[in-house]
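Single-letter residue listing:
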Amino acid sequence: MKLSIPEDELLSSGHSACQGCGATLSMRYALKALGKDTSLVVPACCWTILAGAMSRSSVCVPLVHCPFATAAATATGVKAGLVAKGNTTTQVVAWAGDGGTFDIGLQALSGAADRNEDIIYVCYDNEAYMNTGIQRSGGTPWHAWTMTTPSGAGSERPKKDLDAIIEAHHVPYMATCTPAFAEDMVRKFKKAREIKGFRFIHVLSPCPPGWKYEPEKSIQLSRLAVQTGIFPLYEIDNGKFRLNMLPVKLKPSIEYFKQQKRYKGLSPADEAQLQSSIDGRWRQLCDRHNAQPAVTTQVAKNTQHSVP
Amino acid sequence: MKKTLMGNHAVAVGAKLAKVDVVAAYPITPQTQSVELIAEMQAKGEFKGRYIKVESEHSAMAALIGAAIAGARTFTSTSSQGLAYMHEMLHWAAGSRLPIVMADVNRGLGAPWILWSDQSDTLSQRDTGWMQWYCADNQEVLDSILLAYRVSEQLCIPCMIILDGFTLSHTYEPVDIPAQEKVDEFLPPYKPMAAIDIDKPATVGSLPSSKDYFRIKRRQAIDMDKIEGVFDRSVEEFASIFGRRYGLTEGYRCSDAETIMVMAGAVATTAKEAVDQLRQEGKKAGLLYLRSFRPFPTKQLKGYAKPGVRFAVLDRSYSQGHHGIIFEEMKSALYTCNPRPGIYGFVAGLGGGDITVELLKEMWAEADAGKPGADETVWLEEAR
Amino acid sequence: MPRLEGDPNQFEAIKLSTRSMSEVHTGNWRSLKPAIDHSKCTNCMICWKYCPEACVQIATGSPVIDMNYCKGCGICAFECPTKCISMNADAGL
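The rules behind the values
Residues numbered from 1 in each chain as written. Chains lettered and ligands numbered in written order. Predicted model: local features only at pLDDT ≥ 70, side-chain atom pairs only at ≥ 80, totals over all residues. Helix = DSSP H or I, 4+ residues; strand = E, 2+ residues; numbered from the N terminus. Rg over C-alpha atoms; globule rule 2.2 N^0.38 Å. Contact = placed C-beta atoms within 7 Å. Pairing = 2+ DSSP bridges. Axes fitted to C-alpha atoms, helices over the stretch in contact; angles between N-to-C directions. Nonpolar A, V, L, I, M, F, W, Y, C, P; charged D, E, K, R; others polar. Buried ≥ 20, exposed ≤ 12 C-beta atoms within 10 Å, placed from the backbone. Core = buried A, V, L, I, M, F, W, Y, C linked by C-beta atoms within 7 Å. Parallel < 35°, antiparallel > 145°, perpendicular 65-115°, else oblique. Left-handed = near helix turned anticlockwise from the far one by under 90°. Right-handed = clockwise from strand over helix to strand, strands pointing away. Expected span 1.5 Å × (residues − 1). pLDDT = per-residue confidence, 0-100.

(A) Fine view of the overall build of chain B. The helix and strand tally for chain B stands at 14 helices and 16 strands. The C-alpha atoms of chain B give a radius of gyration of 21 Å, which matches the 21 Å a tight globule of 384 residues would have. Across its three principal axes, chain B shows a C-alpha extent of roughly 65 × 50 × 45 Å. Across chain B, every contact between residues at least 6 apart in sequence was considered, and the portion connecting residues at least 24 apart equals 80%.

In structure tokens, the structure reads:
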């Protein structure tokens, strides 16, 4: 039996995530890659609940809960404290949602990235405040419905380009990933673990109740987000940018939108506007990728590996 | 070894002697020299811990919480807006039972902007579950930091050491700096109640039932009640090694006093002079110096409330819609005394206004004459 | 103290969470139940890979879904390349 990702499970069954939760799959893959010598720091987010109510835990590694704005700062402290006590091997991971990253935690995140703290910061991005019941965050895409963007046109602003903000901090490693490409995600977490300094991983995590689709479609939507160019998979390793998946031709974004009732109010004009912004960003990323031909062959190999 | 130190440097030297593992701090006037000296001592190799130059006070406390959970001894210093910005994390530190020690350099709170000292910043953190100890001189600042670690780490309750902005923070005074081996003798290494253990993975701070939450808070309260005993024992150890002794409160010429002034902070040194002058005038004046505001030393205070004694409480803060904060605490603590003493509330020196001997004597005389109403706050402004 | 059970000094100051969530059987969340047709299954383990409950057992070399935990999300059936998993009304309900 040949498995494409590690067999060991550090996520326990019996957790309280919704059916088809992308954030849970993301944790499952991340822990498979990171291994037991890992300590998690979790601010207010869905994972506050998924980690288990008092006396129980759904992960087989230490986990520290912290207030909403403090994932990066608390993780900084946990790492500093462990090092002070002679433990230099444990990988400290801040594990925050998009609200705790794009919005309330951005200042602490910027501080930790700027100091090049020796931690991995993961944003599992389900594109709204899902734990409090689907309110708009800085990670909510343009025209997506949430409880606080209830009009037909949905969210009135484009999704904040968080990755660009992080890149501007000159961090040693950053990457995007999503559960449909489990092997790619495991590879990136394993790679991140070997690098010293601040590492940032942005995980698009489909959310059935928040995006309004049937839970069986979590992987399909995760895959479509990449295939449409809405959430390109890339990594920036020591300043070198590369796309990890280069579809021959992007699928039309409507294939992704039409399966989610959060885009129910999308007008043809909104749709055209979104497609044009996706195309523009994709061209930019391809240009960056092609500007570094030395790594292209390697990328092609990864691509073959990661496309299901 | 005696050295002339400003209060902020006494803070930094105290942290260094305590062999703190992790400092996380953000600069704010008038606290800055404390972290500057820590950075300097680190550059010279005298301070061996890590100094995390965080981007905010909120993150400073968050980082210390993380470090303390990992088993490290931790320290920060701040002031005013910085302390207010930390508020959420102060609750989190205390609820997580982490013996973090912090120096706060007292400064008023805006708006409008104010740089000078009063006690609004610290007293408005009353309910965060931190000990609050006020200092009257720079020796006390240094000693209190060492004592704070000793007491905090026995009970897993965080402690705030408080010194007046500028009056102490920027004023040079002779300070006896204890030898490192004496400090090591007094202060054993920190043994956390629970630390991160990869081999025994556990989650810290997960969502409890209401019953669990209630019991956790009840235990916190029980342990806070134990501070007095632990403090006294720690002071005995401290005195046997360093020859100096402190109490949660201190009385000055109180044994036969009829009207006793009550206050916290460096202003108490001015009040001693006022008491001496009043005594020379044949008046039965005394001074009750409140070193510990949390826990509030109710038992000791009751010892001063002999029949007929009046208290003149000086507040350098004000709870809008009510009264000065120490005034209210005094009334609450002494409510059950029989007979109930006269307690009079005075507010002075907000935003750094001078509190002179004359002003204190005037305050004493008003209380001694029983002039202010029981529910009145008297606002005293320096005449000059 | 009549309103408080036990000695508060014995209450835990810090309550660590060390028991596993696997004590909680989430199978009763399920309205649809997956069934694997092993005659068509190629043991590719994609159902194992994509299971958010981590409840597909693979120790025997072919997938077995642990119904104590399966919440019936249907990802396994949807993603199965040979379409050998069917989702049916859970008879237990």
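Still more ground to cover, so stick around.
(B) Up close: the overall build of chain C. Within chain C one finds two helices and five strands. For chain C, the N- to C-terminal ordering of α and β elements is β-β-α-β-β-α-β. Relative to the 2.2 N^0.38 estimate, which gives 12 Å for 93 residues, the radius of gyration of chain C is 20 Å and therefore markedly larger than a compact globule would have. Dimensions of chain C, computed from the C-alpha atoms along their principal axes, are close to 65 × 30 × 20 Å. Considering only contacts within chain C whose residues lie at least 6 apart along the sequence, 64% involve residues at least 24 apart.

(C) Spatial organisation of the sheet that holds strand β2 (residues 22–24) of chain B. Residue and element names in this part refer to chain B. The strand order β3-β2-β4-β5-β7-β6-β13 describes an open sheet built from seven strands, whose pairing is mixed. With one partner strand each, in any of the chains shown, β3 (50–52) and β13 (292–294) form the two edges of the open sheet. Averaged over all neighbouring strand pairs, the angle between strand axes comes to 20 degrees, with direction disregarded. With three bridges joining them, β2 and β3 adopt parallel strand pairing. From the neighbouring strand, Ala24 faces β3, where its bridge partner is Ile52. Sheet strands in contact with helix α7 (residues 138–155) are β5 (101–106), β6 (131–134) and β7 (159–164), and its direction is about 170 degrees off that of β7.

(D) Just unusual backbone geometry, in detail. Cis rather than trans, the peptide bond between B:Ala111 and B:Pro112 has omega equal to -10 degrees. Here B:Pro112 is to be found in the loop between β5 and α6 (120–123). Even without being a glycine, A:His143 presents a positive backbone phi close to 70 degrees. In this fold, A:His143 is placed in the loop between β5 (120–125) and α6 (162–167). One non-glycine residue, B:Lys19, lies in the positive phi region at around 50 degrees. Note on placement: B:Lys19 falls in the loop between α1 (7–17) and β2.

(E) Structural context of the interface of chain B and chain A. Tallying the contact residues gives 39 residues for chain B and 38 residues for chain A. Contributing elements (two or more residues each) for the side of chain B that touches chain A: β2, β3, α3 (57–69), α5 (87–95) and β9 (203–204) of chain B. Here the side of chain B that touches chain A takes 10 residues from α3(B), the largest share from any one element. Per-class residue counts for the side of chain B that touches chain A are 22 nonpolar, 10 polar and seven charged. Bridge count between strand β3 (residues 63–65) of chain A and β9(B): two bridges; the pairing is parallel. From the neighbouring strand, A:Leu63 faces β9(B), where its bridge partner is B:Thr203.

(F) Quick look at helix α9 (residues 218–227) of chain A. Of all 10 residues in α9(A), seven are buried; the element is thus mostly enclosed. Buried within α9(A) we find A:Ser218, A:Ile219, A:Leu221, A:Ser222, A:Arg223, A:Leu224 and A:Val226. The inward-facing, buried residues of α9(A) contact α1 (22–34), β7 (199–204), α8 (208–211) and α10 (254–257) of chain A together with α2 (75–79) of chain C. Backbone geometry just after α9(A) places A:Gly229 at a positive phi near 85 degrees.

(G) Inspection of the interface of chain A and chain C at higher detail. Each partner contributes residues to the interface: chain A has 30 residues there, and chain C has 32 residues. Looking at the side of chain A that touches chain C, the elements that each hand over two or more residues are α1, β2 (56–57) and α9 of chain A. Here the residues of the side of chain A that touches chain C sort into 11 nonpolar, 14 polar and five charged. The sheet contact formed by β2(A) and strand β1 (residues 19–20) of chain C spans two bridges and is parallel. By the bridge assignment for β1(C), A:Arg56 is matched with C:Arg19.

(H) Representation of the sheet that holds strand β4 (residues 91–97) of chain A within the structure. Strand order across the open sheet formed by nine strands is β9(A)-β8(A)-β6(A)-β7(A)-β5(A)-β4(A)-β1(A)-β3(A)-β9(B), with mixed pairing between neighbours. Lying at the two open borders of the sheet, with one neighbouring strand each, are β9 (240–243) of chain A together with β9 of chain B. Each of β8 (234–237) and β9 of chain A touches helix α11 (residues 268–290) of chain A; the most contacted strand, β9(A), lies at about 120 degrees to it.

(I) Molecular detail of the nonpolar core. By size, the foremost hydrophobic cluster in this structure holds 239 residues, and its most contacted members are A:Val41, B:Met261 and B:Val262. B:Met261 has contacts with B:Ala271, B:Leu287, B:Leu288, B:Ala312, B:Leu314, B:Leu360, B:Met363 and B:Trp364, leaving out every residue within four places of it along the chain.

(J) Examining the packing of α1(B) against α7(B) more closely. Residue and element names in this part refer to chain B. The N-to-C vectors of α1 and α7 enclose an angle of 25 degrees; their axes lie 8 Å apart at closest approach. Between α1 and α7, the crossing angle belongs to the class labelled roughly parallel. At the point where α1 passes α7, the crossing takes the right-handed sense. Residues Gly7, Ala10, Val11, Val13, Gly14, Ala15 and Leu17 of α1 touch α7, and the partners they reach there are Asn138, Val141, Leu142, Ile145 and Leu146. Taken together, the residues of the contact of α1 with α7 break down into nine nonpolar, three polar and no charged.

(K) Layout of the pairing of strand β6 (residues 173–177) of chain A. Residue and element names in this part refer to chain A. Here β6 lies mainly inside the structure; five of its five residues are buried. Neither face of β6 is left uncovered, since the one carrying Tyr173, Ala175 and Cys177 and the one carrying Met174 and Thr176 both have all their residues buried. Relative to β7, β6 is paired through five bridges, and the arrangement is parallel. Note on β7: the bridge partner recorded for Tyr173 is Arg199. The parallel pair β6 and β7 is bridged by helix α7 (residues 182–194), and the resulting crossover is right-handed. Across three bridges, the pairing between β6 and β8 is antiparallel. The residue bridging Ala175 from the neighbouring strand is Glu235, located in β8.

(L) Representation of the pairing of β7(A). Residues and elements named next belong to chain A. Where burial is concerned, most of β7 is hidden: six out of the six residues are buried. Because side chains alternate across β7, one face comprises the buried residues Arg199, Ile201 and Val203, and the other comprises Phe200, His202 and Leu204, equally buried. For β5 and β7, the ladder comprises six bridges, and the chain directions are parallel. Looking at the pairing, Ile120 lines up with Arg199 of β7.

(M) Here's a closer look at helix α3 (residues 71–84) of chain A. Residues and elements named next belong to chain A. Across its 14 residues, α3 extends 20 Å between first and last C-alpha, which sits within 8% of the 20 Å expected from 1.5 Å per residue. In terms of burial, α3 is largely enclosed, as 14 of its 14 residues are buried. Gly86 lies just past α3 and shows a positive phi near 95 degrees.

(N) Examining the confidence of the model for chain C more closely. In this model, chain C carries a mean pLDDT of 93, and residues with pLDDT of at least 70 account for 92%. Reported for the predicted complex are a pTM of 0.96 and an ipTM of 0.96.

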